[in-house]
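Tertiary structure, described
What follows is each chain in one-letter form.
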Amino acid sequence: MSTRTRPTFTFLLLLLALASAQAARPRFRREESPGLLSKVQSHIIDYWESAKAKAHELYEKVPRLDENIRHVYDKGSEAMTTYTGILTDQILHMLKGEQ
C-alpha cells in the first residue's frame with residue numbers, strides 16, 4: 001500500500017467502526033420540554049378560562065345586585081325626601097317668623 005492509501009484506508013475503517021458503534025448503542029428518547037410558544041399559549045388559555053369563569057360569576061350576581069341597588073335607592077330617596085321636607089319647613093319658618 002502506498003503512503004496515501006494507508007491513512008485513507010485507516011480513516012475509512014475508523015469511520016465505519018464509529019458508525020457501527022453508534023448504531024449498536026441503544027437510543028434513549030429525550031423528553032421534549034414544551035417550547036416557549038406552547039407555554040405562552042397554555043398561560044393565555046388558562047387566563048382566558050379564569051376570566052370567563054369570573055365574568056360568569058358576576059353575571060349570575062347581577063339580578064341580586066340590581067335588587068340591592070334598587071332597595072338602597074328607594075331607602076335613600078325616602079330619607080332625602082323626608083329631610084328635604086323638614087329643611088324646607090325650617091327655612092320657611094325662619095323666613096316668615098312667628099305670625
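Residues numbered from 1 in each chain as written. Predicted model: local features only at pLDDT ≥ 70, side-chain atom pairs only at ≥ 80, totals over all residues. Heavy atoms only, no water.

**Section: the overall build of the protein**
Helix and strand counts for the protein come out as two helices and zero strands. In the protein, which comprises 99 residues, the share counted as buried stands at 0%. (Helix = DSSP H or I, 4+ residues; strand = E, 2+ residues; numbered from the N terminus. Buried < 20%, exposed > 50% of the residue type's maximum accessible area, 1.4 Å probe, protein only.)

**Considering a nonpolar patch on the surface**
A surface patch of nonpolar side chains, amounting to about 310 Å² of accessible area, comprises Phe 9, Leu 13 and Leu 16. Summarising the element assignment, Phe 9 is placed in helix α1 (residues 5-24). Classification of Phe 9 as partly exposed rests on a relative accessible area of 43%. (Patch = residues over 30% accessible without salt bridge, like charges linked within 9 Å, V, L, I, M, F, W, Y side chains within 5 Å. Areas by Shrake-Rupley, 256 points an atom, 1.4 Å probe, with all protein chains shown as cover. Salt bridge = Lys/Arg side-chain N within 4 Å of Asp/Glu carboxyl O.)

**Some remarks on the pattern of salt bridges**
According to the stated counting rule, one finds two salt bridges in the structure shown. Residues Lys 52 and Glu 49 are paired through a salt bridge, measuring 3.9 Å at the closest nitrogen-oxygen approach. Taken together, the positions of Lys 52 and Glu 49, both in helix α2 (residues 36-96) and three residues apart, correspond to about one turn of that helix. Ionic pairing is found between Lys 54 and Glu 57, a salt bridge with its closest N-O pair at 3.9 Å. Linking Lys 54 with Glu 57, this pair stays in helix α2, spanning three residues, or about one helical turn.

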